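# Observations on the three-dimensional arrangement
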Amino acid sequence: MYIKNISLKNFRNYSSLNVSFSRNMNVFIGANAQGKTNLLESIFLCAMGKSFKYVSEKEIIKIGEKFSDVRISYVSEGRDMENRVCLFTDKKKVVWVNDVPLHKLSELIGKLTVVIFTPEELSLIKDGPFARRRFLDMLISQVRPKYMRILSDYNKVLERKNKLLKDIVLKPELKETISIWNSQLAEYGAEIIKYRMDFIKNVLSKAEKIHLEISGNTEKLTGKYKTADVNLKDRENLRENLIKILEENEEREILLRQAVIGPHRDDVIFYLNDKNVKIFGSQGQQRTVVLSLKLAQKEIFFSETGENPILLLDDITGELDISRREYLFSKIKDSQVFITCTDSDRTPEKGGEKYFRIVNGNIPER
Ligand SMILES: Nc1ncnc2c1ncn2[C@@H]1O[C@H](COP(=O)(O)OP(=O)(O)OP(=O)(O)O)[C@@H](O)[C@H]1O
Ligand SMILES: [Mg+2]
């Protein structure tokens, strides 16, 4: 798939922009703080319905304005498509695909598939489990719309159970109702764990090959999905096992006044040559693991959808040395790429590049 055109209104430091792209590589060049990352963010927003930055959506609206409007027209499976996201200061966002307003975000996800590589993605290794769950959840949601619905159902039940756990202090009789929520959590939770285990296995089998290539056959990347003490080999009884653990931890959850057992607390641990990357990996090794995982993600999108995802590469020159960058570019020849760089950087020639000089939220005519 490829993006043909972007139109922005009041998006971060852009008042108004309308720009058409190359099917191959698009390079956003400019000094710091001109709006290069913002442009990548606008693409991500139209693909995933939210920002890749951990921000409040209102921050995206240009300061002083009341709304923000982003439209992206693209070609997917040979068809012309348009995703549109409008954010407002005083009401909920509205999302359209081909001019049809959507009721749920899950209807948007997967239409325009993106893989993003930014310096912040190092959080995938360095930060807490949330970042790794987010990586997996975003990946699975883009190829399995059903997964996003289950996840959202799970989160709704979780919210209600957490409220109940707080209310029990004042009304101990409510305790009897916990099992109702637990059985629903176990139902959705078991599905979530199965999806995540299947996908992490797939990601790792691809990432392992990629990582061996990048590291000259010296580093073996492995990993494992970590969940509460549920027997993962026993897939058929995952739900029952989850219920059992929830029951065993009931008193503890009441004491803590929050739900601490379930896939919302799970994690993925990555290893290089059997050593935990988060603890023992050097900065460069951690970055390379992220790169391997992202390239594996791209391969999964292709094998699942038959189309290459859009790649968003922010500031990778500061992230990767020349040989790693060259490896990356050799792997992404067949995708449409959006890449940012400052003046001094040089991007490898891919053929068919289009350069855009970004100046203060504008792309002045050359
Ligand atoms: N809601 C907003 N309204 C107006 N301007 C904004 C808003 N949010 C961010 N900005 C501005 O956008 C600019 C940053 O844009 P961006 O992050 O895209 O820069 P960049 O070109 O990627 O720079 P760098 O090379 O430093 O990464 C900043 O000047 C920031 O103040
Ligand atoms: Mg930037």
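Treat the numbers as computed from the prediction; the structure is a model and nothing was measured. (Residues numbered from 1 in each chain as written. Chains lettered and ligands numbered in written order. Predicted model: local features only at pLDDT ≥ 70, side-chain atom pairs only at ≥ 80, totals over all residues. Heavy atoms only, no water.)

Its domain assignment divides the chain into domain 1 (1-113 + 315-366) and domain 2 (129-306). Distance between the C-alpha centres of domain 1 and domain 2: 29 Å. Domain 1 puts 21 residues into the contact, and the matching count from domain 2 is 20 residues. Buried surface at the junction of domain 1 and domain 2, summed over both partners, amounts to about 1900 Å²; 62% is from carbon and sulfur atoms. Contact with domain 2 buries surface across domain 1, with Tyr54, Arg324 and Tyr327 losing the most and accounting together for 29% of the total. Counting across the interface, domain 1 meets domain 2 through two salt bridges. Lys298 is the partner of Asp334 in a salt bridge, and the nearest nitrogen-oxygen pair spans 3.3 Å. Summed over the shared surface of domain 1 and domain 2, the number is four residue pairs in polar contact (both at pLDDT 80 or more). Elements that contribute at least two residues to the side of domain 1 that touches domain 2 include exactly helix H1 (36-48) and helix H11 (322-331). The greatest single-element share of the side of domain 1 that touches domain 2, amounting to four residues, is contributed by H11. (Domains from an automatic or database assignment. Contact = heavy atoms within 4.5 Å. Buried area = accessible area lost by both parts, 1.4 Å probe. Salt bridge = Lys/Arg side-chain N within 4 Å of Asp/Glu carboxyl O. Polar contact = N/O pair within 3.5 Å; in protein donor to acceptor, adjacent residues only side chain to side chain. Helix = DSSP H or I, 4+ residues; strand = E, 2+ residues; numbered from the N terminus.)

This part takes up the site of ligand 1. Surrounding ligand 1, one finds 15 residues, the nearest of these being Ala33, Lys36, Thr37, Asn38 and Glu59. Within the backbone of Ala33, an N or O atom sits 2.7 Å from an oxygen atom of ligand 1. Between Gln34 and ligand 1, the recorded distance is 3.1 Å, taken from a backbone N or O atom to an oxygen atom. Within the complex, 71% of the 650 Å² of free accessible area of ligand 1 lies under protein. In terms of residue class, the shell around ligand 1 is made up of five nonpolar, six polar and four charged. (Near = heavy atom within 4 Å. Areas by Shrake-Rupley, 256 points an atom, 1.4 Å probe, with all protein chains shown as cover. Nonpolar A, V, L, I, M, F, W, Y, C, P; charged D, E, K, R; others polar.)

The next subject is the pairing of strand E3 (residues 25-29). Burial analysis of E3 places five of its five residues in the buried class, which makes it a mostly covered element. Burial along E3 is two-sided: the face carrying Met25, Val27 and Ile29 and the face carrying Asn26 and Phe28 are both buried. Relative to strand E13 (residues 337-341), E3 runs parallel, the two sharing five bridges. For Ile29, the partnering residue across the bridge sits in E13 and is Cys341. When E3 meets strand E14 (residues 354-357), the two strands line up parallel, connected through four bridges. Bridge pairing links Val27 to Tyr355 in E14. (Buried < 20%, exposed > 50% of the residue type's maximum accessible area, 1.4 Å probe, protein only. Pairing = 2+ DSSP bridges.)

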